[in-house]
Amino acid sequence: MIRKTFEHEIQQVKDEVLALGSMVEHAIIGSVEALKKRDFKASEKLIAEDKEINRKRFDIENQLMILIATQQPMAHDLRLLASTMEIISELERMGDYAKGIANINIRMGEEKLLKPLIDIPRMAERGASMLHRALTAFVNEDVDTAKKIPLEDDEVDELYTQIYHELMMFIIQDPKSIERANWLLWVAHNLERVADRVTNICERTVFIATGEFSEINSSDG
Amino acid sequence: MEKIYAIETSNLSIHYGNFTAVKEVAMKVEKQKITAIIGPSGCGKSTLLRAFNRMNDFVPGCHITGELLLHGQNLYGKDIDPVEVRRKIGMVFQKPNPFPKSIYDNISWGAKINGFKGNMNELVEQSLRGAALWDEVKDKLQQSAYALSGGQQQRLCIARTIAIQPEIILMDEPASALDPISTLRIEELMQELKKNYTILIVTHNMQQAARVSDYTAMMMIDDQRSGGVIEFDDTKKIFTRPGDKRTEDYVTGRFG
């Protein structure tokens, strides 16, 4: 096989993207878990770990640039390398959302949670699961799966709407709860954004495999 | 805006005796654009390019079937003078091939035998400017062309070609014998030249084809070892999302 070295290096980059993805997954689940348990130490650790995520993203970006410069990719290779650049930036931003949730936990201080967390952990699990499968689809260039995952975004949006209404009820009943409700709304919003970015990753995967840019619009299903 | 085609071929095949080297090419070359012909060695790129100005006439046993039209006129028609064809369709080769004469005479000679009666100094200057060489040679026009560097010699050959005011310039690997800087100069020059000329270029350098051309024709041989155009499209498409798996394999370096 010609271009054995290049193929090998592409595989390495994909492995690195998977590793970055699992760091982000861990951060999303972990940030909500820490909030649920009001575990400040865990949140501080996650904030520190976000620096690792950022560093890894730059490492991969650097690897990609070296490949572009030295291998002069064309067609599928070019789409793959350029899109991977986008995907790692999506992952880095998802990491920021998790860090944001960790920050909220710390900023809430001794204040109690407005309500026990049920739907928020669900959102986090759903988002992390979508992310996990989206990256598997990316590595395998599995177009069918990449097109299906964004449809689940509707469920995440529904959970978000539900949480939103619930929190509004708290605020209406007791305006003193505004701040505590707002913390949680912020958390839910971050998780909703995670799922949106998974959709972007799926769109990139379709582009890599087919060369077609298409927006996968969940509600149009 | 409607596209104007300088050259159109239909069912164009090129034969060496009984062997069909290039088979059934149908392509349209848009006016004042750069069209690149790419493909692996031996796929018939240069043979096809040389058919455009009847250079293959010099090859014993070589003949064509099908049609090759320049603005609707059959270039292989009975009443067509091949010399006139080559005046309209100039060619630049892989290795710079200036005449063993002065820089000035390299330009003026072709023009003279083509019956140019105008102001020769002006023509020489215009042609050298057109080939982005004037500033470098204006003070040494009487020196031998051989004193120039390879890149300068190649630009001199381009100047010589445009001095006879062709419509089309064929380039067969024009930069493959040049260093990277001279190569980029030629590529820049091509962008200037396409304002006035239609350019067809054969190149092995895929990045070059991707950089300079508007359209790309991908050639490949079939089971009978005859070359053909397997895909013809916008260059942007050929290098980002080619339609044919063989083009994909070739441009990504996985052919063979």
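Structural notes, computed from the coordinates. (Residues numbered from 1 in each chain as written. Chains lettered and ligands numbered in written order. Predicted model: local features only at pLDDT ≥ 70, side-chain atom pairs only at ≥ 80, totals over all residues. Heavy atoms only, no water.)

**Focus on the overall build of chain A**
Right, so step 1: Helix and strand content of chain A: seven helices and zero strands.
Right, so step 2: Put simply, chain A runs from its N terminus to its C terminus through helices and strands in the order α-α-α-α-α-α-α.
Right, so step 3: Summarising its shape, the C-alpha atoms of chain A cover approximately 70 × 40 × 20 Å along the three principal directions.
Right, so step 4: Taking all 221 residues of chain A together, the buried fraction comes to 48%.
Right, so step 5: Considering only contacts within chain A whose residues lie at least 6 apart along the sequence, 85% involve residues at least 24 apart. (Helix = DSSP H or I, 4+ residues; strand = E, 2+ residues; numbered from the N terminus. Buried < 20%, exposed > 50% of the residue type's maximum accessible area, 1.4 Å probe, protein only. Contact = heavy atoms within 4.5 Å.)

**Notes on the interface of chain A and chain B**
Right, so step 1: Each side of the interface is counted separately: chain A has 14 residues, and chain B has 14 residues.
Right, so step 2: Summed over both sides, the interface of chain A with chain B buries roughly 1100 Å², with 50% coming from carbon and sulfur.
Right, so step 3: Its largest share of buried area at the contact with chain B, chain A owes to Ile2, Met74 and Ala75 of chain A, together 46% of the area lost on that side.
Right, so step 4: Taken together, the connections running from chain A to chain B amount to two salt bridges.
Right, so step 5: Between Arg254 of chain B and Asp77 of chain A there is a salt bridge, and its shortest N-O distance comes to 2.6 Å.
Right, so step 6: Linking chain A with chain B are seven residue pairs in polar contact (both at pLDDT 80 or more), by the criterion used here.
Right, so step 7: Counting only elements with at least two residues in the side of chain A that touches chain B, the list comes to helix 1 (4–37) and helix 3 (75–108) of chain A. (Buried area = accessible area lost by both parts, 1.4 Å probe. Salt bridge = Lys/Arg side-chain N within 4 Å of Asp/Glu carboxyl O. Polar contact = N/O pair within 3.5 Å; in protein donor to acceptor, adjacent residues only side chain to side chain.)

**Remarks on the nonpolar core**
Nonpolar side chains tend to gather and get buried jointly when the protein is soluble and globular.
Right, so step 1: The biggest cluster of nonpolar side chains holds 63 residues, and the ones touching the most others in it are Val17, Leu91, Ile120, Leu131 and Leu191 of chain A.
Right, so step 2: Contributing elements (two or more residues each) for this core: helix 1, helix 2 (40–71), helix 3, helix 4 (119–140), helix 5 (143–148), helix 6 (153–173) and helix 7 (178–210) of chain A.
Right, so step 3: In terms of residue count, helix 7 of chain A provides more of this core than any other element does, 14 residues in total.
Right, so step 4: Setting aside chain neighbours within four positions, we find Val17 of chain A in contact with Ile60, Thr84, Ile87, Ile88, Leu91, Leu135 and Phe138 of chain A.
Right, so step 5: Residues Ala36, Tyr104, Met171 and Phe239 of chain B belong to the second largest nonpolar core, which totals 46 residues. (Core = buried A, V, L, I, M, F, W, Y, C linked by side-chain atoms within 4.5 Å.)

**Focus on the pairing of strand 2 (residues 19–25) of chain B**
All names here are of chain B.
Right, so step 1: Looking at chain direction, strand 1 (residues 5–16) and strand 2 are connected through four bridges and run antiparallel. Looking at strand 2, one finds that Ile14 is bridged to Val22.
Right, so step 2: Counted between consecutive antiparallel strands, the loop separating strand 1 from strand 2 contains two residues, among which Gly17 sits at a positive phi close to 60°. (Pairing = 2+ DSSP bridges.)

**Section: the packing of helix 4 of chain A against helix 6 of chain A**
Residues and elements named next belong to chain A.
Right, so step 1: Relative to each other, helix 4 and helix 6 sit at 160°, their axes nearing to 10 Å. Taken together, the axis directions place helix 4 and helix 6 in an arrangement best described as roughly antiparallel. Here helix 4 runs over helix 6; the crossing is left-handed. Listed contacts from helix 6 to Asp119, Ile120, Arg122, Met123, Arg126 and Met130 of helix 4 are Asp153, Glu155, Val156, Leu159, Tyr160, Gln162, Ile163 and Glu166.
Right, so step 2: Its residues assigned to classes, the contact of helix 4 with helix 6 shows seven nonpolar, one polar and six charged. (Axes fitted to C-alpha atoms, helices over the stretch in contact; angles between N-to-C directions. Parallel < 35°, antiparallel > 145°, perpendicular 65-115°, else oblique. Left-handed = near helix turned anticlockwise from the far one by under 90°. Nonpolar A, V, L, I, M, F, W, Y, C, P; charged D, E, K, R; others polar.)

**Concerning the pairing of strand 4 (residues 34–38) of chain B**
Regular strands have side chains that alternate between both faces of the sheet.
All names here are of chain B.
Right, so step 1: Within strand 4, five of the five residues are buried, which leaves the element mostly enclosed by the surrounding structure.
Right, so step 2: Neither face of strand 4 is left uncovered, since the one carrying Ile34, Ala36 and Ile38 and the one carrying Thr35 and Ile37 both have all their residues buried.
Right, so step 3: In the sheet, strand 4 pairs with strand 10 (residues 215–221) via four bridges, with the strands oriented parallel. When the sheet's bridge partners are listed, Ile37 is paired in strand 10 with Ala217.

**Some details on the packing of aromatic side chains**
Right, so step 1: In total, this model carries five aromatic pairs over all chains according to the counting rule given.
Right, so step 2: Aromatic side chains Trp183 of chain A and Trp186 of chain A sit 6.3 Å apart centroid to centroid with 0° between the ring planes, which places their arrangement in the stacked category. With a gap of three residues between them, Trp183 of chain A and Trp186 of chain A both fall in helix 7, about one helical turn apart.
Right, so step 3: Trp183 of chain A gets classed as buried once you look at its relative accessible area, which sits at 9%.
Right, so step 4: The class for Trp186 of chain A is partly exposed, based on a relative accessible area of 37%.
Right, so step 5: Seen from their ring centres, Phe207 of chain A and Phe213 of chain A are 4.0 Å apart, and the 10° between their planes marks the pair as stacked.
Right, so step 6: Above the plane of the ring of Phe99 of chain B lies Arg160 of chain B, whose end atom (NZ or CZ) is 4.2 Å from the centre. (Phe/Tyr/Trp six-rings, centres within 6.5 Å; stacked < 30°, edge-to-face > 60°. Lys NZ or Arg CZ within 6 Å of the ring centre and 35° of its normal.)

**Describing helix 1 of chain A**
Residues separated by three or four positions in an α-helix point in the same direction, a consequence of the helix having 3.6 residues per turn.
Right, so step 1: With 34 residues, helix 1 of chain A extends 49 Å from end C-alpha to end C-alpha; this agrees with the ideal 50 Å at 1.5 Å per step.
Right, so step 2: The positive-phi residue at the C-terminal boundary of helix 1 of chain A is Arg38 of chain A, with phi of around 50°. (Expected span 1.5 Å × (residues − 1).)

**Here we look at the side chain of Glu192 of chain A**
Residues and elements named next belong to chain A.
Right, so step 1: By the secondary structure assignment, Glu192 is in helix 7.
Right, so step 2: Of the side chains with opposite charge, Arg193 comes closest to the buried, unpaired Glu192, at an N-O distance of 4.8 Å.
Right, so step 3: Residues in contact with Glu192, not counting those within four places in the same chain, are Met123, Val156, Asp157 and Tyr160. (Lys, Arg positive; Asp, Glu negative; His and termini not counted.)

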